[in-house]
Amino acid sequence: MAVPKELLDILVCPKCLGVISYDSGKEGILCVKCELLYPVQNGIPVMLEDEAFPIREGGETMSAGKRQVAVFEITEGKNKGQAVKLPLGTCKAIGRSLDDINKTQVFAMDLTMSLDDFTKKLIMNYIAKKSPNSKKVTTETTSDSIGSFKRLPDLVLDDPAISRLHAMIFHDANGAGILDLVSKNGTFVNGEEVESKSLQNGDLVEVGGTKMVFAYK
């Protein structure tokens, strides 16, 4: 569905504030300067940097022409009906609030919990194993990045059965995966407890009393 010219005239790239255009072939909003393609859903441009797809040299998207996003849809638990989206090159921690486990916490989008040294080492070891062919795996860890991954705000669930930092989900060119952060009650994929696991379409991820179905979309 094409985007009206009147709307395109007032839109800018949220990253560089530069001029954008509608790419009918890829059905998205293109910023040539940033090499990003912003999706269009039901005729409405989604102008969020975290939702954009990188464009390779030559105009192909990073996902070989398919603008894939890793999606975790919550099917059981107090946050049922919510969905978590991970664009390529991003990761997100799953946990609960320490303030009050009985207080409803749903997707605290501005929250990024600090990582202790043990957890950082655990995550970096996972990243190194996940991308064994990478020429360089940076060990840098900041509030908004872990290695080569951009860290998105945490998924804070209303679930007293999960740990403060329970697990972390990742999505890169090698696919999506989940890493248990030595949680008290464990992380399960298709009913099997895992330390880490690469995910496939239809996999059922369980943390505490929360269940999520994974899919690429």
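Keep in mind that this is a model prediction, so the values were computed, not measured.

Points about the sheet that holds strand S6 (residues 70-76)
Reading across from one edge, S7-S6-S19-S18-S15-S16 is the order of the six strands in this open sheet, with antiparallel pairing throughout. On the outer flanks of this sheet lie strand S7 (83-86) and strand S16 (192-194), each paired with one strand and no other. Sheet twist, expressed as the mean angle between neighbouring strand axes with direction ignored, is 30°.

Side note on the packing of aromatic side chains
Here a ring pair, both rings aromatic, is described through the centre-centre distance and the interplanar angle of the planes. All chains considered together, the criterion is met by four aromatic pairs. When the ring of Phe 149 is compared with that of Phe 170, the centres are 5.1 Å apart and the planes differ by 75°; the resulting orientation is edge-to-face. Pair noted here: Phe 149 is in strand S11 (residues 149-151) and Phe 170 is in strand S13 (residues 165-172), with a separation of 21 residues, a long-range link. Its relative accessible area of 3% is what places Phe 149 among the buried residues. Members of the aromatic cluster, connected to one another through ring pairs, are Phe 72, Phe 214 and Tyr 216.

Some remarks on helix H2 (residues 117-130)
Helical periodicity: at 3.6 residues per turn, an α-helix aligns residues three or four positions apart in one direction. The end-to-end C-alpha separation of H2 is 20 Å, in line with the 20 Å expected for 14 residues at 1.5 Å each. Within the span of H2, buried status applies to Thr 119, Ile 123, Met 124, Tyr 126, Ile 127 and Lys 130. One face of H2 carries all of its buried residues, which in axial projection span an arc of 160°. In this structure, H2 carries Asp 117, Phe 118, Lys 121 and Lys 129 as exposed residues pointing more than 90 degrees from its buried face. The distance from a side-chain oxygen at the start of H2 to the backbone nitrogen of Phe 118 is 3.2 Å, and the residue carrying that oxygen is Asp 116.

Digging into the pattern of salt bridges
Enumeration according to the criterion identifies three salt bridges in this entry. Among the salt bridges present, the one from Arg 151 reaches Asp 154, with a minimum N-O distance of 3.0 Å. You'll find Arg 151 and Asp 154 in the same group, each marked buried.

Describing the nonpolar core
Residues Phe 72 and Met 212 are the most contacted members of the largest nonpolar core, which totals 21 residues. The greatest single-element share of this core, amounting to three residues, is contributed by S6. Met 212 has contacts with Phe 72, Glu 73, Ile 74, Thr 75, Ile 94, Leu 155, Asp 203, Leu 204, Val 205 and Val 207, leaving out every residue within four places of it along the chain. In terms of nonpolar packing, the next biggest core, distinct from the first, is built from 15 residues, Cys 91, Ile 123, Tyr 126 and Met 168 among them.

Considerations on the pairing of S7
The side-chain alternation of S7 yields one buried face, formed by Val 84 and Leu 86, and one unburied face, formed by Ala 83 and Lys 85. For S6 and S7, the ladder comprises four bridges, and the chain directions are antiparallel. Bridging across to S7, Val 71 finds its partner in Lys 85. Between S6 and S7, which pair antiparallel one after the other, the connecting turn spans six residues, and Gly 77 there sits at a positive phi close to 125°.

Some remarks on unusual backbone geometry
The phi angle at Leu 17 is positive, at roughly 60°, despite the residue not being glycine. Of note, Leu 17 is situated in the loop between helix H1 (5-8) and strand S1 (21-23).

Criteria and cut-off values
- Within each chain, residues carry numbers counting from 1 in the order of the written sequence.
- In keeping with the predicted nature of the model, local features appear solely for residues at pLDDT of at least 70, side-chain atom pairs appear and are counted solely at 80 or more, and the whole-chain, interface and lining totals rest on all residues.
- For the side-chain quantities, the full set of heavy atoms in the structure was used; hydrogens and water were omitted.
- Here, strands pair whenever DSSP counts at least two bridges between them.
- Each helix is a run of DSSP H or I of at least 4 residues and each strand a run of E of at least 2, with the numbering of both proceeding from the N terminus.
- Angles here are taken between N-to-C directions and fall from 0 to 180 degrees, while the axes themselves are lines fitted to C-alpha atoms, restricted in helices to the stretch in contact.
- Centres within 6.5 Å make a pair out of two Phe, Tyr or Trp rings, where for Trp the six-membered ring is used; the pair is then stacked when the planes are under 30 degrees apart, edge-to-face when over 60, and tilted otherwise.
- Burial status follows relative accessibility: with a 1.4 Å probe on protein chains alone, a residue under 20% of its type maximum counts as buried, one over 50% as exposed, and anything between as partly exposed.
- To estimate how far a helix should extend, the number of its residues minus one is multiplied by 1.5 Å.
- In this description, one arc is meant: the one made by directions from the helix axis to the C-beta atoms.
- Here a polar contact means two N or O atoms within 3.5 Å. Within protein one must be a hydrogen donor candidate and the other an acceptor candidate, and residues neighboring in sequence count only if both atoms are side-chain atoms.
- When a carboxyl oxygen of Asp or Glu is within 4 Å of a side-chain nitrogen of Lys or Arg, the pair counts as a salt bridge.
- Note on terminology: a nonpolar core comprises buried Ala, Val, Leu, Ile, Met, Phe, Trp, Tyr and Cys residues joined through side-chain atoms within 4.5 Å.
- Should any heavy atoms of two residues lie within 4.5 Å, those residues are considered in contact.

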